[in-house]
Amino acid sequence: MTTYLIKGAAIVDGSATDLLIRDGVVAAVGRDATGRGAEVIDADGLVALPGLVDLHTHLREPGREDAETVESGSRAAALGGYTAVCAMANTDPVADTAGVVEQVYRLGRAAGLVDVQPIGAVTVGLAGERLAELGAMATSAARVRIFSDDGHCVADPRLMRRALEYVKAFDGIVAQHAEEPRLTVGAQMHEGDVSARLGLTGWPAVAEEAIIARDALLAEHVGSRLHICHVSTAGSVEILRWAKQRGIRVTAEVTPHHLLLTDTRAESYDPVFKVNPPLRPSADVAALRAALAEGVIDVVATDHAPHAVEDKECEWGYARPGMLGLETALSVVRSVGLSWDAIATRLSRVPARIGGLTEHGQDPAPGVPANLTLVDPAATWTVDPAALASRSRNTPYAGMTLPARVVATFLRGSPTVLDGKAVR
Ligand code: DOR
Ligand code: ZN
């Protein structure tokens, strides 16, 4: 295994230092970090971050390998600065058994570009009717701790309660896609002025907020851990603040796209902007940014949702919801003003803690697993969908010039990205 000496990287407190990476760990930090025979990486002007951790990634394997595979999604993740991703369960077949989560886990190990931690489905087939084999998934080789029907809401309150009760035994988490389905029948975009003008059926904020309030109360009643996927409204932020003040064990994520884009994008009728939950008005965007700064929203998660051309480049009404996110997340959150320390907290330290990914989310220090990313803070780049590593092209940032670029990513001391290019 090659030893690396990273010279002159700025760690998040701003000071420049040297990092010696040997045998998978950070062997030394600072001026005493000298390694005979080490390969030297000149990191002058670069920022060293703990490797990013995504709690919400759709890798599409098994079932839709035309849109993404575990390997192509892992490569996109590494290029985005990630060292771990949590793979959502809405594959085909659904990841609702020990067999499927073990398959995804093994594919992740074989690709070897990021740690792929499978998420298990809450209900069989995501159908919302019967609990899946949560215990079997938890005790499988994949050691599942997060369960989610993402893409669908666990709408039945009795089933949600039972899921929360079940995961409590192993300190698991239920990650809810908060959408009261009876309020979003036929919905195409955020319900508001723009939807009224465009004549598209609206997805009202209350459909999200009602479920978050209900599930926070259920989590309190049961004493379990609840996570809310892709929070998108100012009202949701108020409910989360209330729940946290009350001591309820709830955490929440926001996506890069909900931090940057608004519902006016739908005016183009370009389905690349169709996503679930939908893009919201600027007042919601402002509330989400403030909530992230305050910590009411704990983490940024990508909801990387690759879709094949035929599922996306069609009429708005027929297009699948979802956007690519892994390769642009760091630049997008930087563009909305997050500091490097906030990025380390919200995209690495806290998601690693929530997901129980103990090898990740740690700042470089002697003995710590060498999962880290080097970023050029002065670089800018223009997003070209054809140049992305994802098998899909549905990025909403095509043609946009964004700040900051990942130069290198290390997974347990081995580079997955060097000079901004995937090593494999
Ligand atoms: O936009 C979305 N796409 N939202 C989801 O909840 C699911 C995801 C997908 O799987 O494509
Ligand atoms: Zn979702």
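Refer to the preceding data block for the structure.
If you're wondering where the values come from, they're calculated on a predicted model, not measured in any experiment.

What counts, and where the lines are drawn
Numbering of residues begins from 1 in every chain and follows the order in which that chain's sequence is written. All chains are assigned letters beginning at A, and all ligands numbers beginning at 1, according to the order in which they are written. This being a predicted model, a pLDDT of at least 70 is required before a residue's local features are given, and a value of 80 or more before pairs of side-chain atoms are given or counted; all residues contribute to the totals for chains, interfaces and linings. With hydrogens and water stripped out, all remaining heavy atoms of the structure feed into the side-chain values. By the criteria applied, helices consist of DSSP H or I runs no shorter than four residues and strands consist of E runs no shorter than two, each listed in order from the N terminus. By definition, residues are in contact when any of their heavy atoms lie within 4.5 Å. Coordination here is defined by N, O and S atoms within 2.8 Å of the metal (3.2 Å for Na, K and Ca), and since water is not considered, a site can look incomplete. The classification of residues rests on relative accessible area computed with a 1.4 Å probe and restricted to protein chains. Under 20% of the type maximum is buried, over 50% is exposed, and intermediate values are partly exposed. In this scheme, strands are said to pair when DSSP sees at least two bridges between them. For helices, the axis comes from a line fit to the C-alpha atoms of the stretch in contact; other axes are also lines fit to C-alpha atoms, and the angle between any two N-to-C directions lies between 0 and 180 degrees. Residues grouped as a nonpolar core are buried Ala, Val, Leu, Ile, Met, Phe, Trp, Tyr and Cys residues, joined through side-chain atoms within 4.5 Å. Working definition: residue near molecule or strand if any one of its non-hydrogen atoms lies within 4 Å of it. A 3.5 Å cut-off defines polar contacts: any pair of N or O atoms within that distance qualifies, except that in protein one atom must be a possible hydrogen donor and the other a possible acceptor, and neighbouring residues in sequence count only when both atoms are side-chain atoms. Residue exposure ignores everything except the shown protein chains as possible cover, and the areas themselves are Shrake-Rupley values with a 1.4 Å probe. Amino acids are sorted into nonpolar (Ala, Val, Leu, Ile, Met, Phe, Trp, Tyr, Cys and Pro), charged (Asp, Glu, Lys and Arg) and polar (every other residue, Gly among them). Salt bridges, as used here, are contacts in which a Lys or Arg side-chain nitrogen is within 4 Å of a carboxyl oxygen on Asp or Glu.

Colleague: I'd like a rundown of the environment of I21, residues and numbers included.
Modeller: Tracing the chain through its elements places I21 in strand β2 (residues 16–22). Measuring from C-alpha to C-alpha, the distance between I21 and N371 comes to 9.9 Å, with 350 residues separating the pair along the chain. Setting aside chain neighbours within four positions, we find I21 in contact with T2, T3, Y4, I6, V26, A370, L372 and G413.

Colleague: Mind laying out the coordination of the zinc ion (ligand 2), listing which residues take part and the relevant values?
Modeller: Every protein donor of the zinc ion (ligand 2) is listed here as D150 (OD), H177 (ND1) and H230 (NE2), and their distances to the metal cover 1.8 to 2.3 Å. Between the donor residues of the zinc ion (ligand 2), the gaps in sequence give the motif D-x26-H-x52-H. With H177 in the loop between β10 (173–176) and β11 (189–190) and H230 in the loop between β13 (225–228) and α7 (234–245), this pair connects stretches of sequence that are 53 residues apart. We note that H177, like H230, is buried.

Colleague: Could you give an account of the sheet that holds strand β8 (residues 115–118), naming the residues involved and the relevant values?
Modeller: Hydrogen bonds along the backbone pair up the strands of a sheet, which may run parallel or antiparallel. Spatially, three strands are ordered β6-β7-β8 in an open sheet, and the strand pairing comes out parallel. Edge strands, defined here as strands with exactly one partner in the open sheet, are β6 (52–57) and β8. Across the sheet, the mean angle separating the axes of adjacent strands is 20° when strand polarity is ignored. Relative to β8, strand β7 (residues 82–87) runs parallel, the two being bridged by four bridges. Bridging across to β8, A84 finds its partner in D115. Across the face of the sheet, helix α2 (residues 98–111) comes into contact with β7 and β8 while running at roughly 175° to β8. The strands that helix α12 (residues 340–355) touches are β6 and β7; relative to β6, the one it contacts most, it runs at about 55°.

Colleague: Before we move on, can you summarise the nonpolar core with the specific residues and values?
Modeller: Ranked by internal contacts, the top residues of the largest apolar core, which has 79 residues, are L49, Y82, F147 and I228. Ranked by residues supplied to this core, first place goes to helix α6 (residues 205–222) with six residues. The contact partners of Y82, leaving out residues within four places of it in the chain, are L52, V53, D54, A77, V114, T302, L326, A329, L347 and T409. Of all hydrophobic cores here, the second largest spans 17 residues; its members include L261, V275, W381 and Y397.

Colleague: Tell me about the environment of S390, residues and numbers included.
Modeller: Relative to the helices and strands, S390 resides in the loop between β16 (372–382) and β17 (401–411). By relative accessible area, which is 2% here, S390 ends up buried. Sequence separation between S390 and T17 is 373 residues, and the spatial gap between their C-alpha atoms is 33 Å. The residues contacting S390, other than those within four sequence positions of it, are A67, E68, A76, H304, P306, L324 and E327.

Colleague: Break down the sheet that holds strand β14 (residues 250–254) for me, citing the residues and quoting the values.
Modeller: On the basis of which strands lie adjacent, the open sheet formed by five strands has the order β9-β10-β13-β14-β15 and parallel pairing. Strands with a single pairing partner mark the edges of an open sheet, and in this sheet they are β9 (146–147) and β15 (299–300). Of the pairings in the sheet, the one linking β13 to β14 comprises three bridges and is parallel in character. From the neighbouring strand, L226 faces β14, where its bridge partner is V250. Strand contacts of α6: β10 and β13, with the helix running at about 165° to β13, the strand carrying the most contacts.

Colleague: Lay out the site of ligand 1 in plain terms, naming residues and giving numbers.
Modeller: Taken together, 14 residues form the shell around ligand 1, and within it R60, N90, H177, N276 and H307 come nearest. Separating an oxygen atom of ligand 1 from a side-chain N or O atom of D150 is a distance of 3.5 Å. Coverage of ligand 1 by the protein chains reaches 94% of its 290 Å² of free accessible surface. The residue inventory of the shell around ligand 1, partitioned by class, reads three nonpolar, eight polar and three charged.

Colleague: Break down the pattern of salt bridges for me, citing the residues and quoting the values.
Modeller: Evaluation of the coordinates by the stated rule reveals 20 salt bridges. Notably, a salt bridge pairs K7 with D18, separated by 3.2 Å at the nearest N-O pair. Of this pair, K7 sits in strand β1 (residues 4–10) while D18 sits in strand β2; the two residues are eleven residues apart in sequence, bridging distant segments of the chain. The class for K7 is partly exposed, based on a relative accessible area of 35%. What makes D18 buried here is its relative accessible area of 14%. As a salt-bridge pair, R64 and D66 come within 2.8 Å of each other at their nearest N and O atoms. Shared partners join several salt bridges into a network, and the residues in it are R64, D66, E310, D311 and R320.

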